[in-house]
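Letter by letter, the chains look like this.
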Amino acid sequence: MTASQIAASFFEYACIAVASLLGVYAVLLALLTTSTFQSHVVYLHAIQMTWFKDLNVPETFGFRKNQVTPFSIKTPDNERLHAWHILPVELYRKHETSLIDEPTGFVTDIKSRLAFKLLRDDPDARLILHMHGAGGTVASGYRVPNYRALSAGNPSKIHVLTFDYRGFGQSTGSPSETGLIVDALAVVDWAMNIAGIPPSRILIFGQSMGTAVAIAVSKHLALQDTPIVFAGTVLVAPFVDVATLVSTYRIAGTIPILSPIARFPILFKTLQRFIRDKWLSRDSIAQYVRANEQNGEKYRIAIIHAEDDYDIPWHHSQLVFWHAVNASIPAGISYEELEDKKIDAKADLGGCWVYDALENGIWRYSRGDFEDWLA
Ligand SMILES: *[C@@H]1O[C@H](CO)[C@@H](O)[C@H](O)[C@H]1NC(C)=O
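Please read these numbers as outputs of a predicted model, since none were measured by experiment.

A. Looking closely at the overall build of the protein. Secondary structure assignment for the protein yields 13 helices and 11 strands. Every one of the 375 residues in the protein was classed for burial, and the buried ones make up 40%. A sequence separation of at least 24 residues applies to 72% of the contacts in the protein between residues at least 6 apart.

Have a look at this one:
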């Protein structure tokens, strides 16, 4: 083979390789327009990460015997959500002997259990409703240590309720935007009407995809004829909406999904039309704030986001916060104007954590002191 023949065949193979890659990408894009595949990409619910462990044996995940009660909450459309009620550690210690006498495992009648009574019958009990992110189950990854951190604000009083949305873990059904909102509302209903905890003692905590659920539910309840507003809504790594998120999203921070397409606005807009579950958090948070301002309701929002988050760029939080602040000011405020004001108010927290909080139109940076919202 001459040098030019080698060059020609190399070129040929390179062309075939590029064409196949483009072909695979085109197939991926076509698949993304189908709602089943799309829901797997958005919710990642098939990726359980706790595959060989039993979610009804929470002790496997480092809890004390019967510190967690696994049970289920039924939705109005007949799905069963697998949930965990987690006792705060000090309260557990106090009642340890009676608690370990009870049977372990999944509980069909939660009302018969001591742990439940400790929540329901304590007029000072606080409850955090935890809404997890995409993928995994109630027990995956750092979710478990996170539950402990949440009740550490008052280890005798702060209970945590966490659950798997429909299609996740052991819950029935398959996920969708409307479905997840129905799920979260069913959990709120359980907290208020079965456990009997008033909204002033409930905090909504959402992480990543769970922030979209938390915002949607907070908005839904605040806009009702009889508004319900919780002690606070804490958002960890929120995003403005799914379409904006996918324009920058990379699997494991490296493999882009739609960012190559995002450079072609017409093509990207066409693809965006196929996005079934939009999760318009920036609009919902604005509606939530406006409703509360109009009703004179006390509301609190805290946003927490790592500056080096590669799944959901930190910029999303800045935008979500701006939409919330803008809605709290009758004349509105421009993004630049708010950023300028923030420079003056900003505290150096010496790490990658930045907190934005809004409390009845008053915004501030804080050092995670939303715990006093439940105090
Ligand atoms: C900001 O608030 C003003 C006044 O309520 C409103 O007219 C405007 O649409 C809002 N801006 C955004 C980007 O939502």
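B. Structural view of the packing of helix α7 (residues 177-194) against helix α8 (residues 209-222). Running from N to C, α7 and α8 point in directions that differ by 65°, and their axes come no closer than 9 Å. Of the two elements, α7 crosses α8, and the hand of that crossing is right-handed. Between α7 and α8, the contacting residues are Leu180, Ile181, Ala184, Leu185 and Val188 on the first element and Val213, Ala216, Val217 and His220 on the second. Residues belonging to the contact of α7 with α8 are distributed by class as follows: 8 nonpolar, 1 polar and no charged.

C. Focus on the nonpolar core. Formed by 92 residues in total, the largest nonpolar core has its most connected members in Leu127, Leu129, Val187, Ala191 and Ala324. Considering every element that reaches this core, the biggest residue donor is α8, with 9 residues.

D. Examining the UniProt feature "transmembrane region" (unreviewed entry) in the protein more closely. In this numbering, the UniProt entry assigns the feature "transmembrane region" (unreviewed entry) to residues 6-32. Within the segment residues 6-32, helix and strand shares are 100% and 0% respectively, and the terminal C-alpha atoms sit 39 Å apart.

E. Structural view of helix α12 (residues 315-328). Between its first and last C-alpha atoms α12 spans 20 Å; for 14 residues at 1.5 Å apiece the expected length is 20 Å, and the two agree. Across the 14 residues of α12, 10 count as buried, placing the element largely inside the fold. Among all positions of α12, only His316, Ser317, Val320, Phe321, Trp322, Ala324, Val325, Asn326, Ala327 and Ser328 are buried.

F. Up close: the site of the ligand. Taken together, the neighbourhood of the ligand is formed by Ala286, His323, Asn326 and Gly332. Of the residues assigned to the shell around the ligand, the class counts are 1 nonpolar, 3 polar and no charged.

G. Summary view of unusual backbone geometry. At Asn78, a residue that is not glycine, the phi angle is positive and equals roughly 65°. Inspection of the secondary structure puts Asn78 in the loop between β1 (68-74) and β2 (80-86). Look at Ser208: it is not a glycine, yet its phi comes out positive at around 55°. Along the polypeptide, Ser208 turns up in the loop between β5 (202-207) and α8.

H. The arrangement of α7 in detail. Here α7 is 18 residues long and its end C-alpha atoms lie 25 Å apart, about the 26 Å a rise of 1.5 Å per residue gives. Residues of α7 that are buried include every one of Gly179, Leu180, Val182, Asp183, Ala184, Ala186, Val187, Val188, Trp190 and Ala191, and no others. Downstream of α7 by a residue or two, Gly196 has a phi angle that is positive, lying close to 70°.

I. Representation of the environment of Leu319 within the structure. Within the element layout of this structure, Leu319 appears in helix α12. Its 18 C-beta neighbours within 10 Å are what place Leu319 among the partly exposed residues. The spacing of Leu319 and Tyr335 is 16 residues in sequence and 7.9 Å in space, taken between C-alpha atoms. Every residue in contact with Leu319, bar those within four places of it in the chain, is listed here: Val240 and Arg282.

J. Inspection of the pairing of strand β6 (residues 232-236) at higher detail. The buried fraction of β6 amounts to 5 of the 5 residues, a majority that puts the element mostly inside the structure. Taking every second residue as pointing to the same face, both faces of β6 are buried, with Gly232, Val234 and Val236 on one and Thr233 and Leu235 on the other. Relative to β6, β5 is paired through 5 bridges, and the arrangement is parallel. Across the sheet, residue Gly206 finds its bridge partner in β6, namely Leu235. Crossover β5 to β6 through α8 is right-handed. Both β6 and strand β9 (residues 300-306) contribute to a ladder of 4 bridges, which runs parallel. Looking at the pairing, Val234 lines up with Ala302 of β9.

K. Region of the structure containing the pairing of strand β4 (residues 158-163). Counting buried positions over the 6 residues of β4 gives 6, a clear majority of the element. Where burial is concerned, the two faces of β4 agree: the one with Ile158, Val160 and Thr162 and the one with His159, Leu161 and Phe163 are both buried. Here 4 bridges tie β2 to β4, and the two strands are oriented antiparallel to one another. In the sheet register, Ile86 faces β4, and the bridge partner there is Val160.

L. The packing of helix α11 (residues 281-295) against α12, seen in detail. Interaxial distance between α11 and α12 falls to 8 Å at its minimum, and their mutual angle equals 30°. Of the possible angle classes, the one that applies to α11 and α12 is roughly parallel. Where α11 crosses over α12, the two elements pack in a sense that is right-handed. Across the interface between the two elements, Ser281, Arg282, Ile285, Ala286, Val289, Arg290 and Glu293 of α11 pack against Leu319, Val320, His323, Ala324, Asn326, Ala327 and Ser328 of α12.

Here is what the cut-offs are and how they apply
Residues numbered from 1 in each chain as written. Predicted model: local features only at pLDDT ≥ 70, side-chain atom pairs only at ≥ 80, totals over all residues. Helix = DSSP H or I, 4+ residues; strand = E, 2+ residues; numbered from the N terminus. Buried ≥ 20, exposed ≤ 12 C-beta atoms within 10 Å, placed from the backbone. Contact = placed C-beta atoms within 7 Å. Axes fitted to C-alpha atoms, helices over the stretch in contact; angles between N-to-C directions. Left-handed = near helix turned anticlockwise from the far one by under 90°. Nonpolar A, V, L, I, M, F, W, Y, C, P; charged D, E, K, R; others polar. Core = buried A, V, L, I, M, F, W, Y, C linked by C-beta atoms within 7 Å. UniProt positions renumbered as here; feature names shortened; annotations may be inferred. Expected span 1.5 Å × (residues − 1). Near = placed C-beta within 6 Å. Pairing = 2+ DSSP bridges. Right-handed = clockwise from strand over helix to strand, strands pointing away. Parallel < 35°, antiparallel > 145°, perpendicular 65-115°, else oblique.

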